[in-house]
Structure formats: structure tokens, C-alpha cells
Amino acid sequence: MIYSLRHRTTYDYEDDVTFARCVLRLTPRSSATQTVLKSIINVTPKPSATREGRGPFGEQTLTVIIDRPHDELVIEARSTVDVHAPRVGDPADSPPWEVVRSLGYETASLAPEGPAPYLYPTRRTPTVPAITDYARTSFTPGRPIIEAGADLMTRMRADFVYDPEATNVSTTVREAFAERHGVCQDFAHIMISGLRGLGLAAAYVSGYLRTVPPPGKPRLEGADATHAWVSIWCGEARGWISFDPTNAVLVENDHIVLAVGRDYSDVAPIDGVILAPGVQTLKVEVAVIPNDEQATAA
């Protein structure tokens, strides 16, 4: 499935910003499950300096510096991505999770595609006994790891309420778990915390989700949003398998990967510093359009 992506972020400032330095992680990654056919990032006002780089988890970065006064910053990323993820198959056809746990701890590689970087707690995904116990209910002795992961995300979908007003970017995993409310970022952090508490390698994935407009209704430009889900290392043979606890689905061709890290802090689409005395407002518009839908509309 080929998708056209548009991710536009607009910052409006109360007073002029005299200096801004931003790190952008807005270029989707090419991997075994998707190929980036084209990607471009436009920044207004034009930066005085730019630098392309590669982050510690393989993410492509673009650092921009703007050193002239401005009261608006617009960052727009446009990409075309071919997603060709294989079907996960039978969740029961995977090794016992305890075997995978042992293999993860035995690995000698620190490469970002291996399990080692994703085994240990982070500030956003600490080990919380209550969350570990919640996850353990799905990971019974000898259970196949993909089957157990699917059960955990399904339980979360039933037990947690998607509520954009309940949390913000600074809400802790303990708070979101206690309230059983939050958004995809919270659900991903909770699931990762529980998995790592059991000794399993789990990664935070940021990206986009294909949405389907109501029958007979046109797709609204900018109506989509960024999304987050979880990837579990399931052994050498199965590799990384992704789970979406917000929607209780195994990730296949409806999800487009932007970046992978240990938690949200590693993959934030935009971060940096600005020099300005006033407040700012933020507007984010995302469009995820399958190319076959564009062809039909044409």
C-alpha cells in the first residue's frame, strides 16, 4: 500500500522569536516493512543553517537554525511511503515468552535493530509493580509471546478509555495507569512499562494510522493525527512484531512508521529551543492518504 503523507506544524508566537534551534524527526524510516519513495521538509522562515543526521535508534534527523526575528514558524513534511508489512500469521505460532526473554538478555549486539536498547526502564517507562502485574496476567507460563502480547493489548483496549482531555505530554505512566484514561502515547508507555517489567524488549513506535472516512463522506484534509504503538522483540526468527493497544490490532499495512525509540522522548517529531518572552500556540495538521484513494478521486 502506497501512502501520501502531509504533516504540517504551525507555531504562532505572541512576541517575536529571535532564535530557534529545532531537531526534526519527520522523515519516515525505510525498513523491511516499508520503503520511503520520496520525502521533503519545508521550513518557513527559511533556516540560516541546516544539518542532516542519524539518531541513536536509526531515525533520520534534520536540525534547523533560524536566527532572525519571526512570529510564526511553519514546518511541513511531505512523504510518499510504500508499506509492505507481511501478515503476522497465527499468534500461537511463536516461541514461549520466557525463551524470548532469555534470548534478549543473552544478546551481544547493541545495534538499534536488536533487543538490548529496549530492555531497560526509562524516565517515561519506569518499572511499576502494579503495571508489571497487570501485564503478567497475559503472560502466563509457556504462553507464545505474540499471543500474550495480543492478549495484553486487547485487555488494555477494554480496560482503558481514550480521552484526549485526560492527559498531556508530561503525564506520568503511573498517573495514566491509575486513571485508566489517556491517549495513544499513554497506552504505549503503559504497555512498554509492563513488558519491560517482565524482562521483554519493547520499543515505542511513532507514526501515522490510516483512517477511513464515513461512507459517502470525503476525507478531510488535516483531520488525521500522529499515532503511537508498541513493538515487541519476539526472537530471531519472528523479529519485531508491533501491537496497537489503542485499537487492539496487530500492526500491518494500515500503520506507517515514522521513528522508533525507547519512549516518546526519543522520537518526538519536533523538539528544540527558542528565545522569546511570550506564549505560543501550536497547530498540527496530518493527512494520510492511500494512493489508490487519490486515483479514485481523480
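Below is a short write-up of the structure. (Residues numbered from 1 in each chain as written. Predicted model: local features only at pLDDT ≥ 70, side-chain atom pairs only at ≥ 80, totals over all residues. Heavy atoms only, no water.)

This next bit is on the pairing of strand 9 (residues 202-209). Here strand 9 lies mainly inside the structure; eight of its eight residues are buried. Summarising the sheet, strand 9 and strand 10 (residues 226-233) pair through seven bridges and their orientation is antiparallel. When the sheet's bridge partners are listed, Gly 207 is paired in strand 10 with His 227. When strand 9 meets strand 13 (residues 255-261), the two strands line up antiparallel, connected through six bridges. The residue bridging Tyr 204 from the neighbouring strand is Gly 261, located in strand 13. (Buried < 20%, exposed > 50% of the residue type's maximum accessible area, 1.4 Å probe, protein only. Helix = DSSP H or I, 4+ residues; strand = E, 2+ residues; numbered from the N terminus. Pairing = 2+ DSSP bridges.)

What follows concerns the pattern of salt bridges. As enumerated under the stated definition, the model contains 11 salt bridges in all. Between Asp 271 and Arg 25 there is a salt bridge, with its nearest N and O atoms 3.1 Å apart. Placement of Asp 271 in strand 14 (residues 270-275) and of Arg 25 in the loop between strand 2 (19-24) and strand 3 (34-44) is noted, with a sequence separation of 246 residues between them. Note that Glu 252 and Arg 87 form a salt bridge whose closest N and O atoms lie 3.3 Å from each other. Of this pair, Glu 252 sits in the loop between strand 12 (249-250) and strand 13 while Arg 87 sits in the loop between strand 6 (70-83) and helix 1 (97-106); the two residues are 165 residues apart in sequence, bridging distant segments of the chain. Look at Arg 87 and you get exposed, because its relative accessible area is 70%. Counted as one network, the salt bridges with shared partners bring together Arg 6, Arg 8, Glu 76, Arg 78 and Glu 285. (Salt bridge = Lys/Arg side-chain N within 4 Å of Asp/Glu carboxyl O.)

Here we come to the pairing of strand 5 (residues 60-66). Of all seven residues in strand 5, five are buried; the element is thus mostly enclosed. Examined bridge by bridge, strand 2 and strand 5 share five bridges and lie antiparallel to one another. Within the sheet, the bridge partner assigned to Ala 20 lies in strand 5 and is Ile 66. The antiparallel hairpin formed by strand 4 (residues 49-54) and strand 5 contains five residues in its connecting segment, where Gly 58 sits at a positive phi of about 90°.

Take the environment of Asp 151 next. Mapping Asp 151 onto the fold places it in helix 3 (residues 145-159). For Asp 151, a relative accessible area of 24% gives the class partly exposed. Separated by 13 residues in the primary sequence, Asp 151 and Pro 164 place their C-alpha atoms 24 Å from one another.

Moving on: empty space enclosed by the protein. Counted according to the given criterion, the structure contains one cavity of 30 Å³ or more. Considering only enclosed or pocket space, the largest cavity measures out at about 40 Å³ in volume. For the largest cavity, the full set of lining residues is Leu 5, Arg 6, His 7, Leu 26, Pro 28, Ala 77, Ser 79 and Tyr 208. Contributions of two or more residues to the lining of the largest cavity are made by strand 1 (2-17) and strand 6. The dominant element in the lining of the largest cavity, judged by the number of residues it contributes, is strand 1, at three residues. Here the lining of the largest cavity is composed, by residue class, of five nonpolar, two polar and one charged. (1 Å grid on protein atoms, 1.4 Å probe; cavity = no way out; pocket = protein on both sides within 12 Å on 5 of 7 lines; lining within 4 Å. Points joined across faces, edges and corners; volume = space filled by probe spheres on them. Nonpolar A, V, L, I, M, F, W, Y, C, P; charged D, E, K, R; others polar.)

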